[in-house]
Amino acid sequence: MGGCSNDSCGDLTDTRYRKILWIIFVLNAGMFFVEVFASFYSKSVSLLADAGDFFADAANYGISLYVLNKTLVMRARASLIKGATMALMGVFVMGNSIYHALTNAVPQAEIMGAVGVLALIVNLGSAGLLYHYREGDSNRSSVWICSRNDAISNIMVILAAIGVTVTQSHWPDVAVASLIALLFLRSSKNIIDSALIEIKESH
């Protein structure tokens, strides 16, 4: 390693972590397209919110792969980009939630539930693969946070589908999408705060 530690030169020897990131990147990119199609077909804003989560995470995993062998400062700066991306996604989802709140279209609960279960299986598997790597610098912790948030969002989408079925109303769908947006914004703040601390301590 040329005298470099993980903190100074990145995870140069951690080929298993790199392979895990590639697997999860492909899964997230694939689920993004599945949920976008399903959200428009079912008219579900919570599925659209979850699709946005998959898109943001796929981009974040791509960034993580790029900076895996970089310095701690570079990884922290990448975390800033991740945090900003998550914040923008939160604003986008909140805007869509407000728009759908003004309509009366009831989404198709069956599609919401089925896709939500599929997404939950994918994200529980991803979170399981990343559990060993949940601690460390802001870049690693942000990857774990992304997978954890995904699983939480999937459960919320499934609950929204149940709520839509019971009430025959679009409000459970809108409420869950809004909660997912708030989760994006909160996680974004945590990631950015952690990254800023690492950048400050490195100088």
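For clarity, every value in this text was computed on a predicted model and none was experimentally measured.

**As for the environment of Leu159**
Residue position: Leu159 is located in helix H6 (residues 138-167). Look at Leu159 and you get exposed, because its relative accessible area is 52%. Along the chain, Leu159 and Met112 lie 47 residues apart, while their C-alpha atoms are 9.5 Å from each other.

**Details of the side chain of Ser126**
Residue placement: Ser126 occurs in helix H5 (residues 109-130). Every residue in contact with Ser126, bar those within four places of it in the chain, is listed here: Ile24, Leu27, Asn28 and Ser147.

**Some words on the nonpolar core**
Core analysis: the largest hydrophobic core is formed by 37 residues, its most contacted members being Leu21, Leu47, Val93, Leu130 and Ile180. If you list the elements that add at least two residues to this core, you get helix H2 (15-42), helix H3 (45-67), helix H4 (72-101), H5, H6 and helix H7 (171-202). Sort the elements by how many residues they give to this core and H6 lands first, with eight residues. Phe32, Ala51, Phe54 and Ala119 belong to the second-largest nonpolar core, a separate cluster that totals six residues.

**Comments concerning the environment of Ala49**
Along the chain, Ala49 falls in helix H3. You can call Ala49 buried: its relative accessible area is 1%. Residues Ala49 and Ser178 lie 129 residues apart in sequence; the distance between their C-alpha atoms is 8.7 Å. Ignoring sequence-local partners within four residues, the contact set of Ala49 consists of Val93, Ala177, Ile180 and Phe184.

**Examining the packing of H3 against H5**
For the pair H3 and H5, interaxial distance at closest approach is 11 Å and the crossing angle is 25°. By the criterion of interaxial angle, the relationship of H3 to H5 is roughly parallel. In the packing of H3 onto H5, the handedness of the crossing is left-handed. For the pair H3 and H5, the contacting residues are Ser46, Leu47, Asp50, Phe54 and Tyr61 in the first and Ile111, Met112, Val115, Ala119, Asn123 and Leu130 in the second. In terms of residue class, the contact of H3 with H5 is made up of eight nonpolar, two polar and one charged.

**What about a nonpolar patch on the surface?**
A surface patch of nonpolar side chains, amounting to about 350 Å² of accessible area, comprises Val91, Leu179, Leu182 and Leu185. When residues in the nonpolar patch are grouped by element, the largest group, three residues, is from H7. Looking at the secondary structure, you find Leu182 in helix H7. For Leu182, a relative accessible area of 48% translates into the label partly exposed.

The rules behind the values
Residues numbered from 1 in each chain as written. Predicted model: local features only at pLDDT ≥ 70, side-chain atom pairs only at ≥ 80, totals over all residues. Heavy atoms only, no water. Helix = DSSP H or I, 4+ residues; strand = E, 2+ residues; numbered from the N terminus. Buried < 20%, exposed > 50% of the residue type's maximum accessible area, 1.4 Å probe, protein only. Contact = heavy atoms within 4.5 Å. Core = buried A, V, L, I, M, F, W, Y, C linked by side-chain atoms within 4.5 Å. Axes fitted to C-alpha atoms, helices over the stretch in contact; angles between N-to-C directions. Parallel < 35°, antiparallel > 145°, perpendicular 65-115°, else oblique. Left-handed = near helix turned anticlockwise from the far one by under 90°. Nonpolar A, V, L, I, M, F, W, Y, C, P; charged D, E, K, R; others polar. Patch = residues over 30% accessible without salt bridge, like charges linked within 9 Å, V, L, I, M, F, W, Y side chains within 5 Å. Areas by Shrake-Rupley, 256 points an atom, 1.4 Å probe, with all protein chains shown as cover. Salt bridge = Lys/Arg side-chain N within 4 Å of Asp/Glu carboxyl O.

None of the figures reported here should be taken as evidence of function without further support.
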